[in-house]
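What follows is each chain in one-letter form.
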Amino acid sequence: MIRRIICTILIATYWTQAAANERIVAIGPEIVEIAFALGVGDRIIAVDKHSTYPPETNGKNSLGYFRALSAEGIFSTKPDLVIVTPDAGPPETIEILKGSDLDVRVAPDANTPTDVPQLIKFIGNVISKEEEAQSLIEDYQSNLGLSDQLKVNDTKAIFLMAIQGGTPIAAGKDTVPSALIEFAGATNVATFSGFKPITTETMIQYNPDVIIMMPERVEATGGLTAVSAIPGIAATRAGMEQNILTINAGLILRLGPRTPTTVTKLKRYFVDLK
């Protein structure tokens, strides 16, 4: 009898939690991707404009840039649960949300590929998908380990966010592209912090073996040949050999379930250079 009562309570608690999280606002591409991977895509009612994966996000309400959120816009969707990336903002909007009756959760930072499992676990706990989260974590760690057999030696790389007026904008040491480059076994030659423009002289001094860019930014510059001919880049090994690897924004700027694919792609390219 007691066992039956306990089971009834547990089942009631589960369905209460599920009902409470029936309408979810997810802010941050990595959060949205993980939530879909955990099977609650149908419960997500709104996302930020940069959350475009998986394709099913196309039918969701867009709340705009994740750092320029409107509290009124989020309230208008009538969510039960709001999950935001730690760099979502502005801060006053997040404070308004936290001060309301909404269930607002700020996810932990994921700065390196090894941080992703804790992010998956966090989201799994919030949406009552603990078993699914553990399974996703195991798959993630297994896939990430597959690239261990690829050994990279002395490869110098740099990620260019864009070319503005002929000046490259590069990713420094405390960025996701840098973390991915380093995790894949290469060295990010950009020694500064954040994203900054670099001079022709600095690019020549860095002399990267590989330049990594997003395909749309290469196209906007005029193609691979045009990128390779930019002053400074033209004098590097990457420019002279046209070693320019293109990776989509969702894979190179954010960490998530597909990160093992990104790491493997980087490693294979680096290894093939030798």
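See above for the structure.
Calculation rules
Residues numbered from 1 in each chain as written. Predicted model: local features only at pLDDT ≥ 70, side-chain atom pairs only at ≥ 80, totals over all residues. Heavy atoms only, no water. Helix = DSSP H or I, 4+ residues; strand = E, 2+ residues; numbered from the N terminus. Contact = heavy atoms within 4.5 Å. Polar contact = N/O pair within 3.5 Å; in protein donor to acceptor, adjacent residues only side chain to side chain. Pairing = 2+ DSSP bridges. Axes fitted to C-alpha atoms, helices over the stretch in contact; angles between N-to-C directions. 1 Å grid on protein atoms, 1.4 Å probe; cavity = no way out; pocket = protein on both sides within 12 Å on 5 of 7 lines; lining within 4 Å. Points joined across faces, edges and corners; volume = space filled by probe spheres on them. Nonpolar A, V, L, I, M, F, W, Y, C, P; charged D, E, K, R; others polar.

(A) Summary view of the environment of R23. Counting through the fold element by element, R23 comes out in the loop between α1 (2–20) and β1 (24–27). It is 18 Å that separates the C-alpha atoms of R23 and S70, two residues lying 47 residues apart in sequence. Beyond its immediate sequence surroundings of up to four residues, R23 is in contact with R43, I45, T77, K78, P79, D80 and L81. Polar side-chain contacts of R23 include one of 2.9 Å to the backbone oxygen of K78.

(B) Representation of the sheet that holds strand β3 (residues 61–62) in the model. Strand order in the open sheet formed by five strands is β3-β2-β1-β4-β5, and the pairing between neighbours is parallel. The sheet is open, and its two borders are formed by β3 and β5 (103–106), each paired with just one other strand. Alignment of β1 against strand β4 (residues 81–84), held across four bridges, turns out to be parallel. Paired with I27 across the bridge in β4 is V84. Seen against the sheet, helix α2 (residues 29–37) touches β1, β2 (44–47) and β4 and runs at an angle of roughly 160 degrees to β2.

(C) Local environment of the layout of surface pockets. In this structure, the largest pocket spans a volume of roughly 990 Å³. Surrounding the largest pocket, 37 residues form its lining, P29, F66, A249, L253 and R254 being those nearest its centre. When its residues are assigned to classes, the lining of the largest pocket shows 16 nonpolar, ten polar and eleven charged.

(D) Highlighting the pairing of strand β6 (residues 156–164). Inspection of the sheet shows β6 paired to strand β8 (residues 187–188) by two bridges, in the parallel sense. The partner of A157 across the bridge, within β8, is N188. Bridge count for β6 against strand β10 (residues 210–213) is three bridges, and the pairing is parallel. Directly across from I158, in β10, lies its bridge partner I211. Pairing between β6 and strand β7 (residues 167–171): four bridges, direction antiparallel. Its bridge partner being in β7, L160 is matched across the sheet by A170. Counting the residues that bridge the hairpin from β6 to β7 gives two residues, and of these G165 lies at a positive phi of roughly 60 degrees.

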